Amino acid sequence: MLSNPTHPASSTIEAIPFSTTLHVRDTCLCLHVQRAARALARRFDNAMKPIGLTNGQFSMMMALNRPQPATMSQVASVLAMDRTTLTAALKVLERRGLIETGTDPKDRRGKLLRLTNDGMTMLSAALPIWTRVHAEIDAELNESFGDDEPNRLRKTLNGIR
């Protein structure tokens, strides 16, 4: 037992067996998806580093690559991000001159987001890098797990809500 003087129920807490830690490590879907996401993010980050972009910035800019300026809600939905986190991330791109924000004429409280010309140039430079790395990952998955594994994986991940 461990002593915990700040615990409201008692002054001692039962220790969780290490076997439980191993069980969670080996079976937790959230942990496995997070680990895979970090590994993929590192791979794309490393590939895009020479042009000064992260994979997250690439995704945000790609979400803004549309015929009309996007609302914050539209971009937040595509990226599955809360608006506060999205706002902070977009400020970095805005300071770099890659995106610009304007007032939404339909809702003066809302913002519209769009890529600048420099942003489109950066996105155009990043796309071939993304395409190459993405193809490498797809090929590795196909080789390790069989044909069409990337599509099965995407379908499975898209089913998680």
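Note that the structure is predicted; figures quoted are calculated from it, not measured.

A. Representation of the nonpolar core in the model. Among the nonpolar cores identified, the biggest contains 28 residues, and Met 61, Leu 64 and Leu 90 are the most heavily contacted of them. Here this core takes seven residues from helix α6 (residues 117-145), the largest share from any one element. Here Leu 64 is in contact with Ala 70, Val 75, Leu 90, Ile 99, Leu 113 and Leu 115, once residues within four sequence places are set aside.

B. Here's a closer look at the sheet that holds strand β5 (residues 107-115). Across the sheet, three strands lie side by side as β3-β5-β4; this open sheet has antiparallel pairing. Edge positions in the open sheet fall to β3 (70-71) and β4 (99-104), since each of these has one partner strand only. Seen against the sheet, helix α5 (residues 83-95) touches β4 and β5 and runs at an angle of roughly 115 degrees to β4.

C. Inspection of the packing of α6 against helix α7 (residues 149-158) at higher detail. Two elements in contact, α6 and α7, have axes whose closest approach is 8 Å; the angle formed by their N-to-C orientations is 100 degrees. By the criterion of interaxial angle, the relationship of α6 to α7 is roughly perpendicular. Residues His 134, Asp 138, Leu 141, Asn 142 and Phe 145 of α6 form the contact with α7, whose participating residues are Glu 149, Pro 150, Arg 152, Leu 153 and Arg 154.

D. Spotlight on the UniProt feature "domain: HTH marR-type" (unreviewed entry) in the protein. Summarizing the sequence annotation, UniProt attributes the feature "domain: HTH marR-type" (unreviewed entry) to residues 26-161 in the numbering used throughout. Between the first and last C-alpha atoms of residues 26-161 the distance is 22 Å; the span itself is 67% helix and 12% strand.

E. Representation of α6. The terminal C-alpha atoms of α6 lie 41 Å apart, and with 29 residues this matches the ideal 42 Å at 1.5 Å per residue to within 8%. Along α6, the helix axis deviates most sharply at Ala 126, where the bend reaches about 25 degrees; the proline Pro 128 sits within four residues downstream. When we look at burial in α6, the residues that qualify are Gly 119, Met 122, Leu 123, Ala 126, Ile 129, Val 133, Ile 137, Asp 138 and Leu 141. Positioned one or two residues after α6, Gly 146 has a phi angle of 110 degrees, which is positive.

F. Local environment of unusual backbone geometry. One non-glycine residue, Ala 80, lies in positive phi territory at about 55 degrees. Judged by relative accessible area, Ala 80 falls into the exposed class, the value being 72%.

G. Expanded view of helix α3 (residues 55-63). Among all positions in α3, only Gln 57, Phe 58, Met 60, Met 61 and Ala 63 are buried. Where α3 is buried, its residues meet α2 (29-48), α4 (72-79), α5, β5 and α6.

H. Molecular detail of the environment of Leu 64. When you line up the elements, Leu 64 lands in the loop between α3 and β3. With 50 residues separating them along the chain, Leu 64 and Arg 114 place their C-alpha atoms 5.7 Å apart.

How each quantity is defined
- Residue positions within a chain follow its written sequence, with the count starting from 1.
- Residues qualify for local features only when their pLDDT is at least 70, as the model is predicted, and side-chain atom pairs are given and counted only at 80 or more; totals for whole chains, interfaces and linings, by contrast, use all residues.
- Excluding hydrogens and water, the side-chain figures rest on all heavy atoms present in the structure.
- Residues enter a nonpolar core if they are buried and are Ala, Val, Leu, Ile, Met, Phe, Trp, Tyr or Cys, with the set joined through side-chain atoms within 4.5 Å.
- In this scheme, a residue with accessible area under 20% of its type's maximum is buried, one over 50% is exposed, and one in between is partly exposed, where area comes from a 1.4 Å probe on protein chains only.
- Strands are runs of DSSP state E lasting at least two residues, helices are runs of H or I lasting at least four, and both sets are numbered from the N terminus onward.
- For this analysis, residues touch if any pair of their heavy atoms sits within 4.5 Å.
- The rule for pairing is simple: two strands pair if DSSP sees at least two bridges between them.
- Note on geometry: axes are lines fitted to C-alpha atoms, helical ones only across the stretch in contact, with angles between N-to-C directions running from 0 to 180 degrees.
- An angle below 35 degrees is read as roughly parallel, one above 145 as roughly antiparallel, one from 65 to 115 as roughly perpendicular, and any other as oblique.
- UniProt positions are given in the numbering used here, feature names are shortened, and annotations may be inferred rather than shown by experiment.
- For a helix, the expected span equals 1.5 Å multiplied by the number of residues minus one.
- A residue's bend is simply the angle between two axes: one fitted to the seven residues ending at it, one to the seven starting at it.

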